[in-house]
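Per-entry structural report
Here's the letter readout for the chains.
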Amino acid sequence: MAKSTFDEKTEDELWREYKKTKSSEIRDKFIRQYMPLVKYVAGKVSTGMPDSVEFDDLVGFGQFGLLDAISKYDPDKNVKFKTYAVTRIRGAIFDELRELDWVPRSVRQKSREIEDTIVELEAKLGRTANDAEIAKAMGMTESEYESTVMKVSGTSILSLNDVWYSNDDSEKMSIGDNIESPNSLNPDVIVERMEIKRVIMQAINELPQNEKMVIVLYYHEDLTFKEIGQVLNVSESRISQLHSKANMRLRAKLTSMRKGIF
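Quantities reported herein were computed from a predicted structural model and do not represent experimental measurements.

The subject of this paragraph is the overall build of the protein chain. Along the protein chain, the regular secondary structure elements total 11 helices and 2 strands. Listing the helices and strands of the protein chain from first to last along the sequence gives α-α-α-α-α-α-α-β-β-α-α-α-α. Across the 262 residues in the protein chain, those meeting the buried criterion constitute 43%. Counting only contacts in the protein chain whose residues sit at least 6 apart along the sequence, the fraction spanning at least 24 positions is 64%. For the protein chain, the computed accessible surface area is about 14,300 Å², with 49% contributed by carbon and sulfur atoms.

The following block contains the structure:
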């Protein structure tokens, strides 16, 4: 079979050509090339999900993110496409999960109760609350609190991909959008996004050390729960629990901090 002219070009050359021509042939090549990445991200997201959430559905949701990434990627920005695409794919999956509202109301309510408790408790303490303090504030034993965290684990996957709004509610920004170059944005929005980044990093740095490690290894080092468990020498279910705790803490911290920055 004769080689396609595309096979003789580097990926960087193809991206630059696609940016100029929007060639459907180049787009289809990128879709085929990066479909394994969609499946990989869907596999990571599926960890801790209830059985009612099908892996194939997550892959389907992620495909929308891949198409969006291919459409919007700018090779002139100092970001690798894979890095950019992972954020878009994960974001698209989370967007669809939000739309489906797949979490039972009772579970969602319990998750919100934990987050509200953390917000109120840390406002009083002026520091990060530990598990024993959160459990006590909720009228639970630590064991009951740990069990509750596991039950609501599926609701806590959205924190680092949540949607933020500027003063103008028509201007929405996902946290993932912050990896994009802000050259096309007006100065006010640029400043706002820089502040969001600062708040996110502050919130992560205030997490208990073991929870911070899970967040860093999962979102930044791109390890699976199983791989993180091997690194930290604990079970995969324990990593899932720490991930859930960290995300609920982050949601509480980001919600609380956000009230003071915009």
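Two measures describe an aromatic ring pair: the distance that separates the ring centres and the angle between the ring planes. Tallying each qualifying case throughout the model produces 9 aromatic pairs. Taking 5.8 Å as the distance between ring centres and 45 degrees as the angle between the ring planes, the aromatic pair formed by Tyr73 and Tyr84 counts as tilted. In this pair, Tyr73 is assigned in the loop between helix H3 (55–72) and helix H4 (81–100) and Tyr84 in helix H4, connecting sequence segments 11 residues apart. The exposure class assigned to Tyr73 is buried, which follows from its relative accessible area of 12%. One aromatic cluster in this structure is built from Trp15, Tyr18, Phe30, Tyr34, Tyr73, Phe81 and Tyr84. Here Lys44 stacks its cationic end above the ring of Tyr218, 4.1 Å away from the centre of that ring.

This part is about helix H5 (residues 105–125). For H5, with 21 residues, the first-to-last C-alpha span of 30 Å sits near the 30 Å given by 1.5 Å per residue. Buried residues of H5: Ser111, Ile114, Glu115, Thr117, Ile118, Leu121 and Glu122, and no others. One face of H5 carries all of its buried residues, which in axial projection span an arc of 155 degrees. Exposed side of H5, more than 90 degrees from the buried face: Arg105, Ser106, Glu120, Ala123 and Lys124 are the residues found there.

With that settled, consider the packing of H3 against H4. The angle between the axes and the distance between the axes are what describe a pair of packed helices. The N-to-C vectors of H3 and H4 enclose an angle of 135 degrees; their axes lie 7 Å apart at closest approach. By the angle between their directions, the pair H3 and H4 is classed as oblique. Handedness of the H3/H4 crossing: right-handed. Here H3 contributes Leu58, Phe61, Gly62, Phe64, Gly65, Leu66, Asp68, Ala69, Ile70 and Lys72 to the contact with H4, which in turn contributes Phe81, Tyr84, Ala85, Arg88, Ile89, Ala92, Ile93, Glu96, Leu97 and Leu100. Residue composition of the contact of H3 with H4, grouped by class: 14 nonpolar, 2 polar and 4 charged.

For the rest of this paragraph, the subject is the pattern of salt bridges. Summed over all chains, the structure comprises 15 salt bridges. Residue Asp131 pairs with Arg249 through a salt bridge whose shortest N-O separation is 3.0 Å. Remark: Arg249 occurs in helix H11 (residues 236–258) and Asp131 occurs in helix H6 (residues 131–137); sequence separation between them is 118 residues. Between Arg238 and Glu146 there is a salt bridge, with the nearest N and O atoms lying 3.8 Å from each other. Here Arg238 is found in helix H11, whereas its partner Glu146 is found in helix H7 (residues 142–151), with 92 residues between them in sequence.

Where the residue is not glycine, phi is negative for most of them; where a peptide bond is considered, it is trans in most cases. For Lys22, which is not glycine, the phi dihedral falls at a positive 55 degrees. Assignment of secondary structure puts Lys22 in the loop between helix H1 (11–21) and helix H2 (24–46).

In this structure, Phe30, Leu58, Leu66, Phe81, Ile89, Ile93 and Leu97 are the most contacted members of the largest nonpolar core, which totals 28 residues. Among the elements of the structure, H1, H2, H3 and H4 are those that each provide at least two residues to this core. Tallying contributions element by element places H2 first for this core, with 9 residues. Apart from the residues within four sequence positions on either side, Ile93 is in contact with Val41, Ala42, Val45, Leu58, Phe61 and Gly62. Membership of the second largest hydrophobic core comes to 17 residues, among which are Ile204, Tyr218, Tyr219 and Ile228.

Quick notes on the rules
- Residues numbered from 1 in each chain as written.
- Predicted model: local features only at pLDDT ≥ 70, side-chain atom pairs only at ≥ 80, totals over all residues.
- Heavy atoms only, no water.
- Helix = DSSP H or I, 4+ residues; strand = E, 2+ residues; numbered from the N terminus.
- Buried < 20%, exposed > 50% of the residue type's maximum accessible area, 1.4 Å probe, protein only.
- Contact = heavy atoms within 4.5 Å.
- Areas by Shrake-Rupley, 256 points an atom, 1.4 Å probe, with all protein chains shown as cover.
- Phe/Tyr/Trp six-rings, centres within 6.5 Å; stacked < 30°, edge-to-face > 60°.
- Lys NZ or Arg CZ within 6 Å of the ring centre and 35° of its normal.
- Expected span 1.5 Å × (residues − 1).
- Arc of directions from axis to C-beta.
- Axes fitted to C-alpha atoms, helices over the stretch in contact; angles between N-to-C directions.
- Parallel < 35°, antiparallel > 145°, perpendicular 65-115°, else oblique.
- Left-handed = near helix turned anticlockwise from the far one by under 90°.
- Nonpolar A, V, L, I, M, F, W, Y, C, P; charged D, E, K, R; others polar.
- Salt bridge = Lys/Arg side-chain N within 4 Å of Asp/Glu carboxyl O.
- Core = buried A, V, L, I, M, F, W, Y, C linked by side-chain atoms within 4.5 Å.

None of the figures reported here should be taken as evidence of function without further support.
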